[in-house]
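Chain residues, written in single-letter form:
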Amino acid sequence: MLRVVDPSPLNWLYTTYNTVEEPVRVTHRGKVRPAAMSRYRWRDGGRTLEIRVRRGERFADGTPLTTDSVRRAAEEQFRWQAPHPPGTHFNIDPRTRVEVVDDRTVRLHLPEVDGLALGKLRATHVMSERFWRDLGFGYARKGSGEGHW
Amino acid sequence: MIDEPGPWASGAFTLVEGYSRIDTEPVVTDGDDRTWLQTEHRTPTVRLRANPRYWDRARGPRVAEVEFRSDVDPDRALDLVCDTVGEVDVVTEVPHARADRVRHSRHARLVAVDAVRVLAGAIDRGAEGLPLADVRARRALNLAVDRRALVRDVLGGHARPLAGLTPPTPLTALHRAPGRLRSYPHDPGEAARLWRAAGGAERPLRLATLAPWEAVAHTVAAQWHTALGLAVEVTVLRGADAERDARRRQAAKLPRDWDVLVLEQGAQSVDVPPLELHRAFVGRSGEFRAGPVDPTFERLFDRIRMHTSQLGQVLAANRVDRHVTGQALALFLVAPRVLYAVNREVAFRPYATTFELADTSTRRRHWSRR
């Protein structure tokens, strides 16, 4: 048991990071590294980011985290013009097409090269189906995901 | 953000009680680009419980439960972690001025991390009556600052001088190395010469900052006055409303009542600092940009996107930093360390960009294990 007082105005974000996984997270020193994905590679000269989803990962409700979970996380955020509270600089181009290749591989087909997309996956929260159905990022409370990821 | 408790995700913990969320207000920074002003709402207690399904067992979670307390203010919390056991185990964001309080306490130790954060100033390059459109004047402001004195005398040694806008952490050495990016030296003589050459001031310079950095602002104002003979009026924005209003006006590029605004800005990773730091102060979509769009900056920033290799990104980021530094497009002050007060029976290792507890554990003599 730990008792914490965190006056940071980013406490809402830290609560998210402590309870949610993204395809990538950051190390103690701040370096981006795989999390919900086990590895990645760039294809097509940087216009396709291929993600290998980690095998056997489950949500806290017991359901599996799959390639479809990653696809939905990406496509849900593409619905909004400015989903991320820091601002649109965290947007992955919403024209990106998400392809589920097989049971472990997802490809993000970017309309143009964006080497920053890998780091932006830190803001792509991978959530359970139950989350999307019952809560969503502001969907239940506000009816919109704008500024609420 | 997570609005309600539930088994929504796969992280190290599950939110089981309360919430910590924000209401957001959009501000157009440029064209389709937006940022959001944030108003916090937290329940008095937010409780996280260890997720037994978390895949990375080597990382954690290593405690069964985490309780975030918002029912005590930070000053009181610091007293509690220093003087008591069982009330508070970790206090984040300890003010630098209170580091000694923790260091000399019976029950807490001070933990510091070289965070990916900068304390820097947005410079209004269009300010009337001041020569801030002239690079010589902006260089003069930077050359007149004694960063080492700021670190030593104001921040208790818990900061490092900034070179450009890339904080000096172990992983940014390569970002900063090409081109030998260095801090502006403290050179009052050269600063005065450049200031005069740029035409000097027709009125006092208005320096604004947020409350935590008031002492820094007054020190910088004194250094400018000494080196440049410049009258400086310091304004401190106190409280969330004043801060939000200043950010709103600044992000929307409305008329501002300051010439230099000193604030802290962080990044969520160390890989490409310009995405959140240089872009914020200088970029077209930058929420702190105070002056015309800089085409050279935009061209250099766009080149970062073209690289998918880490080395390519580092080199491209360095070019951005060298341009921002050479043109003195911000006031480069220090990279403040982030300080934590931590109960002595808690094994806590901080993160440079976030606050996560998956790998934090308690020792055998911790109050919760007795």
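See the structure above.
Okay, so let's go over this structure.

Criteria and cut-off values
- Residues numbered from 1 in each chain as written.
- Chains lettered and ligands numbered in written order.
- Predicted model: local features only at pLDDT ≥ 70, side-chain atom pairs only at ≥ 80, totals over all residues.
- Heavy atoms only, no water.
- Contact = heavy atoms within 4.5 Å.
- Buried area = accessible area lost by both parts, 1.4 Å probe.
- Salt bridge = Lys/Arg side-chain N within 4 Å of Asp/Glu carboxyl O.
- Polar contact = N/O pair within 3.5 Å; in protein donor to acceptor, adjacent residues only side chain to side chain.
- Helix = DSSP H or I, 4+ residues; strand = E, 2+ residues; numbered from the N terminus.
- Nonpolar A, V, L, I, M, F, W, Y, C, P; charged D, E, K, R; others polar.
- Pairing = 2+ DSSP bridges.
- Phe/Tyr/Trp six-rings, centres within 6.5 Å; stacked < 30°, edge-to-face > 60°.
- Buried < 20%, exposed > 50% of the residue type's maximum accessible area, 1.4 Å probe, protein only.
- Axes fitted to C-alpha atoms, helices over the stretch in contact; angles between N-to-C directions.
- Parallel < 35°, antiparallel > 145°, perpendicular 65-115°, else oblique.
- Left-handed = near helix turned anticlockwise from the far one by under 90°.

As for the interface of chain B and chain A
Right, on to step 1. On the side of chain A, 70 residues touch chain B, which itself brings 89 residues to the contact.
Right, on to step 2. Together, M1, W8 and W55 of chain B form the three largest contributors to the area buried by chain B at its contact with chain A, with a combined 11%.
Right, on to step 3. The interface formed by chain B and chain A includes 7 salt bridges.
Right, on to step 4. Of the charged contacts in the structure, one is a salt bridge between R141 of chain A and D3 of chain B, with a shortest N-O distance of 3.4 Å.
Right, on to step 5. Linking chain B with chain A are 50 residue pairs in polar contact (both at pLDDT 80 or more), by the criterion used here.
Right, on to step 6. The biggest single contributor to the side of chain B that touches chain A is strand β3 (residues 33-42) of chain B, with 7 residues.
Right, on to step 7. Across the side of chain B that touches chain A, the residue classes break down as 39 nonpolar, 22 polar and 28 charged.
Right, on to step 8. Looking at chain direction, strand β1 (residues 2-5) of chain A and strand β6 (residues 90-91) of chain B are connected through 2 bridges and run parallel. Opposite V5 of chain A, over in β6 of chain B, you have V91 of chain B as the bridge partner.

Here's the deal with the packing of aromatic side chains
Right, on to step 1. With the rule as written, the count across this model stands at 17 aromatic pairs over all chains.
Right, on to step 2. Judged by centre distance (5.8 Å) and plane angle (70°), the rings of F131 of chain A and W8 of chain B are edge-to-face. Here the residue F131 of chain A occupies a position in helix α4 (residues 129-134), and W8 of chain B occupies one in the segment before β1 (13-17), the pair thus bridging two chains.
Right, on to step 3. Relative to F137 of chain A, the ring of W132 of chain A lies with its centre 5.7 Å away and its plane at 75°, an arrangement referred to as edge-to-face. Neither residue differs from the other here; W132 of chain A and F137 of chain A are each classed as buried.

Comments concerning the packing of helix α10 (residues 295-305) of chain B against helix α11 (residues 310-326) of chain B
Residue and element names in this part refer to chain B.
Right, on to step 1. Here α10 crosses α11 at 165°, and the two axes come no closer than 8 Å. It follows from the interaxial angle that α10 and α11 lie roughly antiparallel. Here α10 runs over α11; the crossing is left-handed. Between α10, through T296, F297, L300, F301, R303 and I304, and α11, the contact on the second element is made entirely by Q313, A316, A317, R319, V320, H323 and V324.
Right, on to step 2. Split into classes, the residues belonging to the contact of α10 with α11 amount to 8 nonpolar, 3 polar and 2 charged.

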